[in-house]
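# A closer look at the structure
Chain residues, written in single-letter form:
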Amino acid sequence: MKVTVFGIGYVGLVQGAVLAEVGHDVVCIDIDANKVERLKQGHIPIYEPGLEALVKENHAAGRLNFTTDAAAGVKHGEVQFIAVGTPPDEDGSADLKYVLAVAETIAQHMEGHQIIIDKSTVPVGTADKVSAKIAQVLAARQRDDLSFDVVSNPEFLKEGSAVADCMRPDRIVIGTSSKTAEDVMRELYAPFNRNHEKIIVMDVRSAELTKYAANCMLATKISFMNEMANLAEMLGADIEMVRQGIGSDPRIGYQFLYAGVGYGGSCFPKDVQALIRTADSIDFDAKVLKAVEHRNDEQKCVLFKKISKHFNDELHNKTFALWGLSFKPNTDDMREAPSRVLMEALWQAGAKVQAYDPEAMEETQRIYGSRDDLSLCGTKEAALRGADALVIVTEWQAFKAPDFELIKNYLRQPLVFDGRNLFNPIKLKSKGITCHSIGRAIQI
Ligand code: NAD
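Computed from a predicted model, the values in this text were never measured in an experiment.

Not every one of the 26 residues close to the ligand is listed here, only the nearest: Asp30, Lys35, Thr86, Glu159 and Lys270. Thr86 places a side-chain nitrogen or oxygen 2.5 Å from an oxygen atom of the ligand. Side-chain polar atom of Glu159 to a nitrogen atom of the ligand: 2.8 Å apart, as the coordinates give it. Notes on the ligand: free accessible area 840 Å², of which the protein chains cover 88%. Among the secondary structure elements, those contributing two or more residues to the shell around the ligand are α1 (10-21) and α5 (97-109).

Taken together, the buried positions of helix α13 (residues 302-310) are occupied by Val302, Leu303, Phe304, Lys306, Ile307 and Ser308. Turning to α13, the residues buried within the fold contact α9 (204-235), α12 (287-299), β9 (319-323), α14 (338-348), β12 (389-392) and β13 (415-418). Positive backbone phi, at 50°, marks Asn312, one or two positions downstream of α13.

Let us look at the layout of surface pockets. Estimated volume of the second largest pocket: approximately 410 Å³. Lining the second largest pocket are 15 residues; nearest its centre among them are Asn230, Glu233, Val302, Lys305 and Lys306. When residues of the lining of the second largest pocket are traced back to their parent elements, those giving at least two are α9, α12 and α13. Split by residue class, the lining of the second largest pocket holds three nonpolar, five polar and seven charged.

This next bit is on the state of the cysteines. Under the defined criterion, the tally for this structure stands at zero disulfides. No disulfide involves Cys267; its sulfur sits 11 Å from the nearest other cysteine sulfur, which is in Cys216.

Okay, the packing of aromatic side chains next. Applying the stated criterion across every chain, the model contains eight aromatic pairs. Measuring from ring centre to ring centre gives 5.9 Å for Tyr263 and Phe268, while their planes differ by 75°; the resulting arrangement is edge-to-face. Of the two residues, Tyr263 and Phe268, neither departs from the other in class, the shared state being buried. Taking the centre distance of 6.2 Å and the plane angle of 65° together, the rings of Tyr356 and Phe399 count as edge-to-face. Placement of the pair is Tyr356 in strand β10 (residues 352-356) and Phe399 in the loop between β12 and α17 (404-410), with a sequence separation of 43 residues.

This brings us to the domain arrangement of the chain. Partitioning the chain into domains gives domain 1 (2-202), domain 2 (212-298) and domain 3 (300-436). Computed over C-alpha atoms only, the centres of domain 1 and domain 3 are separated by 38 Å. Each side of the interface is counted separately: domain 1 has eight residues, and domain 3 has nine residues. For the domain 1 and domain 3 pair, buried surface summed over both sides reaches about 650 Å², with 42% attributable to carbon and sulfur atoms.

The rules we used
- Residues numbered from 1 in each chain as written.
- Predicted model: local features only at pLDDT ≥ 70, side-chain atom pairs only at ≥ 80, totals over all residues.
- Heavy atoms only, no water.
- Near = heavy atom within 4 Å.
- Polar contact = N/O pair within 3.5 Å; in protein donor to acceptor, adjacent residues only side chain to side chain.
- Areas by Shrake-Rupley, 256 points an atom, 1.4 Å probe, with all protein chains shown as cover.
- Helix = DSSP H or I, 4+ residues; strand = E, 2+ residues; numbered from the N terminus.
- Buried < 20%, exposed > 50% of the residue type's maximum accessible area, 1.4 Å probe, protein only.
- Contact = heavy atoms within 4.5 Å.
- 1 Å grid on protein atoms, 1.4 Å probe; cavity = no way out; pocket = protein on both sides within 12 Å on 5 of 7 lines; lining within 4 Å.
- Points joined across faces, edges and corners; volume = space filled by probe spheres on them.
- Nonpolar A, V, L, I, M, F, W, Y, C, P; charged D, E, K, R; others polar.
- Disulfide = S-S within 2.5 Å.
- Phe/Tyr/Trp six-rings, centres within 6.5 Å; stacked < 30°, edge-to-face > 60°.
- Domains from an automatic or database assignment.
- Buried area = accessible area lost by both parts, 1.4 Å probe.

Below, the structure written as C-alpha cells:
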C-alpha cells in the first residue's frame, strides 16, 4: 500500500520504517529540511535499537523515502498518517497547531477519497477538529466532490524498544465508524496481525481517550510506587521487598513497579497534564491525575534532597559523578529527564557534575552547551575520578554490575546515591561503600 507519514520524529520515523519493512511504499514528510537531507544521507536523527539498519535497508530498497515536498507526499499516499508533535500549550493542554497544519496541507493537495490517520497523541475531539479543518479547506477549494475519513490510531510504542514494539504490537487500536476506513486499516496492518487478532476497533473518541488512559495508568503505577517508597523509608521497610510482595499478585503484576526518581520523557508528563486540562475544560476535577503529577514533581527532587542532607547543605565546590542522563535506558531522549532536575539543582547549589551516558551525551551538550560545572566524560569510570559521590540516575544495563573496588578507588569517599535501586545497600556496606537508595530504610 502507498503510505504517507507526516512528521519524522520517534513515532513517524519508526512507524514509517516498520511499514516499509513489511513491503509498504512509504514517503515520510517533515518541515525540517535539515533532518530530511541528513536522513537521505543515512544519518539517523535519534537513537533507537535496530532503527538505523531498518531505515538504511528500506531506503536503499526504495520503499522508504524522505521529502519536504508535502504536495508530492499527499499525492503519493492512499493513507496519510499525522505523526507530528503535540507539545504542551502554555496551560498544559495539548497544542494542536502542528496536527491542524498537517490537516490543512492534506486538504490543500488531496484528490479522490483520502484516509487521514491520527497517530499523534491528541485529546478527545481532535478528529472532529481535523475533519472540520479539512472540510473548510475543501470548501474554499470548491471541491465538494472529494471525501475523506479521519481515523484515530494511537501509538503505544516505548522509546528504547520502539522498533520491536511496532514490529510486534500488543494491540492496534483503530477508532473509526467507517467500514471503508476500517477495511483499509485492516489491510495496512495485516502483516502485524497474523499471529493472533490484535486489532481493536472502536469509536473515534474512545480511541483518543484510550491512549491517554494507557499513559496515565502507567504514570499512576510509577507515582504510586514512589509514594510507597517514601512511606517505606519513613516506616523502616524496604520497598524492594514490598515490590516483590505485591508484584506476585497477578492482578498487580511486576511490570512498572519500580520506585525511582520519577517519570520523564516526552509522553507521560505531557499526557497526564493534557488529560487534567481536558478534565478541567469540562469542569471535572481529575483528583487522581493531579496527585500523580504532584507526586512525580516531588519525586524528581528526592535525590537532590538526599545528597543535600548528607552534605549538610554544603554542596559548594563538591563534584558529583552522574551515571545516566536520558530519561530512561536505550534512548538519547532528554525531554523531562529527572537528570536535568538533579543537575540544575546541583549547579544552583554550587556543585559540579561529571556525567556519563551511553547515548545521551550529544543531546546533553546540545541542551546545556559548554559550562564550567559540567564535564561530559567518555566512560563511566572517567566520570568517577575525584568525585565526592556517585549518583545513579538512569538504569542502563551497563551500570548494573560495576567494579565496586574501582568505584571506591576513584571516588574521594565511598559514597553512592542509587536513584534506581540497582544495588543492595547491605552488600555495598560490606564492601565499605555507603549507599543511599530509594525507599529502603535498611540503607547505610
Ligand atoms: P517528535 O517531536 O520527535 O517529532 C515530530 C516531528 O514532526 C518533528 O520532526 C517535526 O519537525 C515534525 N513536524 C512538525 N510539523 C510538521 C508538519 N506540518 N509537517 C511535517 N512534519 C512536521 O515527536 P514524537 O515523539 O514522534 O511524537 C509525535 C506524536 O506521537 C506526539 O503526539 C506524541 O505524544 C506521540 N507519541 C510519542 C511517543 C514517543 O515515545 N515519542 C509514543 C507514542 C505516541
